[in-house]
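Coordinate inspection notes
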Amino acid sequence: LKMSWLRFYLPLHVLMAACLCHSIKAPTTSSQQSFRTDLFNFYHSLILADGKETTVHLMKDIPRRYYFVLEESRVLSPFTITVTPCDVPIEWSILVHKASASSLGKETQGDHDTQEASQSQNAPSTVSTIFNYKGNSVETYMGMSSHSALYMLEFLSTERDTHITVYLTTDTTSGHLYPELPMDPRIDVTGVGHTTVTLTWKHSPSVLQHGESIQYCLLVNEKHNYKSLCAAETAIRSSGMKLPPTLALSLSPYLLEPQQVMILSNSELSIINKVSSGEVRQICMGTRNTYTVPNLSPSTQYYFDVFVVNLLTNASAAYTGTFARTLEEPEPKVTELKDGKVIQVVLDGKKQKFYSLQYQARHRKVQFSFQLCRGQVRVHITKNGKTVASENISGLRYFSLKGKLLDTYLVQLRSTEESNSSVKVQVSPHFNKPLFPLLPESLKIKSFSKLRTCNSVTIAWLGTQEESKYCVYKRRIEEDQVWRELQNADRCSGPESRHKSDKVLCKYFYDLNLQRAVTTETIKGLDAGTLYLFDVYLFGPSGIPVRYHSKVVKTRKKC
């Protein structure tokens, strides 16, 4: 069964005339009457291509019509029409006009036999609606025909402007445009955790036959299931998200270059789209039919759709979607704080979870001390459930609080960066015995460029009015290590983490006049043209050191 458009054009006006005569003699439905009226404008109408997917744009309440013709055949020949709504539900129908083949043949002989032409117009012909559908599911009509017939497809959207795709084929022997679904197209949820969901589904027959050109893509979102990739793509675009043109971040390979779909990291391509209704995530995992979705939020309902995609034709078929709710997040573990004891907490920046510390007061006045070691940390303190302090900390921070005996304090710490952060914490009822030493106005180390030589450098730092111990350490570093050393420095680490050969000296000093509380030190015995990292540690009465900001200095190459 094939379409010969050129052969059909010649007798087309005869078919139109036969249709019009028939329409005068018999009552018709409005759709059938519209069908016959449209034949007048057939030459200006859209002919539906055979074997090709066609995108149709629909305006609200304005029907669109497409036509195709099937020639007479001695045997019943099949044809299929697949319509995929890409947004809202639509209405669509198939109408067919069948005219006598003998009447068409006689009419095309010419006007020399007027009597036979008149008889041909009275030959039997029928117009009928053979299929109707309303909804937003992907729907396929399979038909058989042995007569010459003109078919019309009518599409209507009553909700809003939208678009659909239509695929017509009369060749059922050359394979399928759309990948095949298994007999059971359901997605099974085999495991649910706090942040993960494990899914499995039966293989598509197309994967088993054409594995290299077929792959599975999983769509995860928090709104609802989608019945096609076309519908999911439209939903994301309507959210106002702007996509990079080279990658498109589209859910459908329709807008991706074929080589971009094939370039996978560890056989897996993940795309995450931030939309107003939450996060939409697509993972293409090749031909694996089991997948564990990671990094989900606890106690959240997610919807999962699996699509089998033909990379050669860009066509896809949807499994029956499913949904699952992740488990509730377990109660965070609470660590007890004890008077005077210092603990160091490492916070996971990726998970952005609070680390909880609890303290029951044995005095009316308590003091919480925090020393930021690395990264950025937010501190939240509650007393008997009421917030008493909440802020981001840097360097050293004290919170002096008053209350009653046996008040319960809860300290919650969270990294405000994606990288890990760490902080030291202490609680004490003794305000007169601070954990950390008295600090100068600045913890910066200064170097004097004019005093640099090939084997020595001079550095200076501020002191305080309180006599304290200062220790200087040095270490050779390479150019490519400077940024990493300065960014990742642990400001809580003391000299115990340093090699003995790094130590230069220790000294005590103070000055009651803060303007003169400055000390300098010349470090000798260095190599020419070499980078050195210098650190100064300040020790207070408690013995806990405070590290000044590291300083990198390079000795002169020539003197």
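This text gives an overview of the structure that appears in the document. (Residues numbered from 1 in each chain as written. Predicted model: local features only at pLDDT ≥ 70, side-chain atom pairs only at ≥ 80, totals over all residues. Heavy atoms only, no water.)

It is worth spelling out the overall build of the protein chain at this point. The helix and strand inventory of the protein chain stands at nine helices and 35 strands. Counting all 559 residues of the protein chain, 45% fall into the buried class. Sequence separation of 24 or more characterises 77% of the internal contacts of the protein chain that already satisfy a separation of 6 or more. (Helix = DSSP H or I, 4+ residues; strand = E, 2+ residues; numbered from the N terminus. Buried < 20%, exposed > 50% of the residue type's maximum accessible area, 1.4 Å probe, protein only. Contact = heavy atoms within 4.5 Å.)

With eight of its nine residues buried, strand β4 (residues 77-85) lies for the most part within the structure. Relative to strand β7 (residues 139-145), β4 runs antiparallel, the two being bridged by seven bridges. Looking at the pairing, I81 lines up with Y141 of β7. The pairing of β4 with strand β9 (residues 162-169) spans six bridges and is antiparallel. (Pairing = 2+ DSSP bridges.)

Right, let's get into the pattern of salt bridges. Scanning the entire structure with this criterion turns up 13 salt bridges. Between R186 and D184 there is a salt bridge, and its shortest N-O distance comes to 2.9 Å. When the shortest N-O distance is used, the salt bridge between R547 and D535 registers 3.2 Å. With a gap of 12 residues between them, R547 in strand β34 (residues 545-547) and D535 in strand β33 (residues 531-539) connect regions that are remote in the sequence. By the burial criterion, R547 is buried, and D535 matches it. One salt-bridge network, held together by shared partners, links R498, D502, D535 and R547. (Salt bridge = Lys/Arg side-chain N within 4 Å of Asp/Glu carboxyl O.)

Spatially, five strands are ordered β19-β21-β26-β23-β24 in an open sheet, and the strand pairing comes out mixed. Both outer strands of the open sheet, β19 (334-336) and β24 (386-393), are each paired with one neighbouring strand and no more. Strand-to-strand twist in this sheet, taken as the mean axis angle between neighbours without regard to direction, amounts to 20 degrees. With seven bridges connecting them, strand β23 (residues 377-383) and strand β26 (residues 408-415) associate as antiparallel partners. (Axes fitted to C-alpha atoms, helices over the stretch in contact; angles between N-to-C directions.)

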